[in-house]
Each structure stands twice: as structure tokens, then as C-alpha cells.
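Okay, here's what each chain looks like letter by letter:
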Amino acid sequence: MILIIDFGSQFTHLIAKAIEKIHVRSEIISHRIKADEIKKKSPAGIILSGSPSSTLAENSPTCDRAIFDLNIPILGICYGMQYFAKIFGGKVKHASKKEFGYSEIKIANNKHSQKGKSQFAENLLLDGINSGEPVWMSHGDIVSKIPPDFECIASSENAPFVAIRNLQKKIYGVQFHPEVTHTDKGITIFENFAYKICGIEPKIKPDTFVQTAIDKIKKTVADKKVILGLSGGVDSSVAAVLIYKAIGNNLIPILVDNGLMRKNEINEIVHTFENYLKIKLHVVYAAERFYKKLAGVVDPEKKRKIIGNLFVEIFEEEALRNKFADDVKFLAQGTLYPDIIESSSKTGSQKGPSVTIKSHHNVGGLPEKMNLKIIEPLKALYKHEVRKIGEKLGIPYNVLYRHPFPGPGLAVRIIGDITPKKVKLLQEVDAIFIEELRNHNFYHKTWQAFAVLLPIQSVGVMGDERTYENVCALRAVNSLDGMTADWTRIPYEILRSTSNRIINEVTGINRVVYDISSKPPSTIEWE
Ligand code: XMP
């Protein structure tokens, strides 16, 4: 994990985003944090953010100086660099010419290294960056003299010290902002810092992960039982198989048919688990209960709450009905790292950039009622890492590489109120879209694809008849983890055949549209 110490920069959240892009965990924390607290978190590296303040101003933000003695690599960005430069005996001054926007980096070589004292060691931070590459500046102050024992590793036209380092102390600084996209190779700098300087492994090792997770689950659970809500998606499936490998039949996987799944999905999940993975599922057929509670509800957050609560209710009934109820002490969830980021909304001095975008469907109500402890064996992983673990566990390709599907299912894809008839309609439309993608070998070329039923009717003409029927939207996106996404450029040929089939085969739809919005500003689901 990399800890980002926030001095109040408008770009701090972009640092976190950049770190996320290179698949490293990060946490943004206030500059008031004490070195002791950092030590407890044991980050592999620390980044000091920029700031709207000047280090020359009174009351500019500071941090605990003991942080620099923790022997943890540090990268100071803009203010972050100026701040430590002053602490270690360098000088900062107001620049004669403020520098905002485009600049070009000049990488230092042997001659520029301080006093030519030591041989210029490999420039790990700027590895892969060449002189003349664009970097984006936003500063009024510059480091005019670097501290003793630091060396300059890059400059620019307006700033003599654009990147500096002290190899022994493992302290690095850049004057520009690698976190903004205008610094073309900014991500490379974060990769260099994380992988080459902090020694973070860019990829998880499936063998080690599986064995460690199994040992940990065995130790935590002992001879007790674990219930798990299985959705058939990648996350809960991988969690189920991982836990099954650890505790065998002491895992009770419960699959709730809420009537909001894709066409034939429940049967397919049961088939895969029982026939292929040899794991017996407890299936609860509860579609009618869900439809009844959802009748007339239009507000998407209300739908989510109803589905979440009913899920908890059913889950609880099943767990209590289970003859081993007394032994059920744990609830397993397939929570991933992005779920945690997106659902967390911190407050106070440790306020982070993440806000709750929508209430994710989980079974969070259960532990309070049943006194269950949560186990989340995948919570440190990204989706693509979970798939690697799944492969290791022998889970079939079609389960691991199926498109993500939201917990509340088709409920978030039927805009307006939900009726069994609308669900059936959408299931048919969705099935045709997915079938066409598969027929054209395009299913795995997009990250997620689905149909949305709109509460709009429009005029059409079929034969000599005027029709007045529903509109559906098709959505397909490319993404790595669902946090950001771009719409997939599906070939027109596929869109054409999909649209033709939907209108011809699904009674009730006479118009198909394709969604061309990215996330942000849109979300992937329509809700
Ligand atoms: P949004 O619509 O937030 O979706 O851009 C991002 C990704 O998350 C999926 N999604 C969910 N997954 N429970 C889930 O497990 C949920 O409640 C949920 N809501 C959205 C969505 O399909 C997309 O892949």
C-alpha cells in the first residue's frame, strides 16, 4: 500500500487514481498524521501531495518530521518536494516566472549530478522518461538550492531542480505533476516509484495467494460453519470455491432466485456448481416475494434497499432453517477492493475523495441480527486478479470471464416500476444481445454488455400496422475495474443484427438505441 499524505492539493485524488491504475492500493491521509500511526499501517511508500499553499507562507501545512526517518521511500510532488527540500537544508523561493501548464523535462546525466561526487546511479524514478517529454507544471515557488546530500535528476527551462533525490534516505521529489494526464508519462513515474523503488509486486501470485487464503480461512473458521450468498458472478463464485477448498461442506452457499436474474441463469449456476465443481447449493426460489415488494417502486435507491433487505430476510430464514444454524458463525462475502473504495465515504481530517455513489447491494444487515462475523477473502483484490485466482481454483472460463452483473440484477436495468412482464421482456432482449455478441465472437471483446428497458414508448410501423411499444437501450463498455469506462465501439454489423432480432423476436419492443456515454460522467448502469 502507498500512503498519500494530503497537503490539500486539488490533485490529491488524481494521485490515488494513478496509483489505482497501476494496481497498487493507496490511502489518502491528512498531513497531520503522526509517524507512529504511519508505522502501524506499514505502507511500502509514501507520497507527499502538492498544496495550494506556499512553503514560504506562515501556517503552511506541515507533517511530522519523524516520517522522514521511517526508512520508507518517499515521493514529494510539487509542494511535497519543496517542503522536504526546506527541511533538509535546501532553499525555496518565489519563482521569477510562475509556471503553469506545459513544460519539457531535461533528464540530468553524470555531469549534472551533485559535485560529480558519486557515479550517477541508475535513474530509477525517471526510468523510461526522455528529455523533451511533456510534464505539467503548476507552481509559483521553486527549489532554488537543493539540500546537501540530494542530487538533481532532472530540470526544465524555468526550474533548475525539477526532480531530485537522496538515494540513501530513499527520498525523491518532482516539481511537476505526474498525476495529471497532461504529463504524458506520469503513470510510468508512479510505476517506477511503486515497483522499482518501493519494491511493490505489480501482480499478485495466484499460488501463494490461494494457499495463504486457505490457511487463513481454516484458522479463522475452525470447525464452525460459513454461509455465503452466491450470485453466480465471478466474485461470489471465486469466494465460494476458495472457502470450499478450505472448509469443505462447512460452507453453506445460498443462491436466491430473486426473479431478477438473466434468462436461464439460475439453472446454469446450479449446473456449474453441482455438476462441475461438485459443490451443493441451497437454492431459494423467491421471485414472487421480490416482485410483490417491488411493485410500484420507481426510485432506484428504494429498489436497491428493498432488494437488499429482502435478500437479508430470506438469507436469514434459510440460515436459521438450516439444521446446523447453531454452528453458523461466519458470513462470507465476495467483496473486492473497488467495492470498498466506492462505498466508503470518510469524514473529518481523514476525508478521502470517495463518496458513496450508490448503495451497493450486500448482506450488511445480517451480522447484527445473527451475530455473524464477516469474512471477505478477496477484499484486497481487483477483478482481474480475482479471475486469476479463479483460474487457479479450476473454475470454468465461462464463469470467470462472464460480464459483471449487479447484485440487484435486472431491477437496475428496468427504469421505472418493475413487473414480472417487464422482467421477462428484458430477459429476452438481453439474451439476444449477448447471443449476437457471442455469435460474432465479440462477447469477450467488451467488458460488460447488457440491455436496459426504458419507460418510454414510441411509434413504429410493422407491416401496415402502426405500433406504440417500448424502447430498449443497449449498453456495452470497456473498463478494467468498473471505476471508469468507455463505451465499446461495437461493429455496426452486430448492432444491426441485434436490433433486427430484438424487434422481430421480442413482442413489445419496436425501437433499439445504443448508449454512447462514458463513465464518468455517466455510470455504467442506468438505474
Ligand atoms: P456503475 O453503474 O456504478 O457500475 O458505473 C459499475 C459496475 O458495478 C456493477 N454494479 C454492481 N455490482 N452490486 C454489484 O455487485 C451492485 O449493487 C452493483 N451496482 C452496479 C455494474 O454492473 C458495473 O459493472
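One can find the structure itself at the top, above this paragraph.
Residues numbered from 1 in each chain as written. Predicted model: local features only at pLDDT ≥ 70, side-chain atom pairs only at ≥ 80, totals over all residues. Heavy atoms only, no water.

## Examining the overall build of the chain
Threshold: Labels follow the DSSP assignment, with helices taken as runs of H or I lasting at least four residues and strands as runs of E lasting at least two, numbered in each case from the N terminus. Throughout this description, buried means an accessible area under 20% of the type-specific maximum (1.4 Å probe, protein chains only), exposed means over 50%, and partly exposed covers the range between. Throughout, a residue-residue contact means that at least one pair of heavy atoms, one from each residue, lies within 4.5 Å.
A tally of regular secondary structure across the chain gives 15 helices and 19 strands. Projecting the C-alpha coordinates of the chain onto the three principal axes gives extents of approximately 80 × 65 × 40 Å. Out of the 527 residues belonging to the chain, those deemed buried represent 56%. Considering only intrachain contacts with a sequence separation of at least 6, the fraction spanning at least 24 residues in the chain is 76%.

## Some remarks on the pairing of strand β14 (residues 328-332)
Put simply, the rule reads: What makes two strands pair is DSSP finding at least two bridges between them.
In terms of residue burial, β14 counts as a mostly covered element, since four of its five residues are buried. As paired strands, strand β11 (residues 225-230) and β14 are joined by four bridges and run parallel to one another. Residue pairing across strands places L228 opposite A332, the latter belonging to β14. When β14 meets strand β15 (residues 373-375), the two strands line up parallel, connected through three bridges.

## Points about the sheet that holds strand β2 (residues 26-30)
As a reminder of what qualifies: What counts as an axis is a line fitted to C-alpha atoms, over the stretch in contact for a helix, and the angles between N-to-C directions run from 0 to 180 degrees.
What the eight strands build is an open sheet, ordered β2-β1-β3-β4-β10-β9-β8-β6; its pairing is mixed. In this open sheet, the two strands that pair with only one neighbour each are β2 and β6 (106-107). Judged from the two bridges that link them, β6 and strand β8 (residues 151-155) form a sheet pairing that is antiparallel. Counterpart to K106 in the pairing with β8 is S155. Each of β1 (2-6), β2, β3 (45-48) and β4 (74-77) touches helix α1 (residues 12-21); the most contacted strand, β1, lies at about 170° to it.

## Comments concerning the environment of F193
When you line up the elements, F193 lands in helix α4 (residues 186-197). Note: C-alpha distance between F193 and L124 (69 residues apart in sequence) is 7.7 Å. What F193 contacts, discounting residues up to four positions off in sequence, is I2, G45, I46, I47, P73, I74, L75, L125 and C198.

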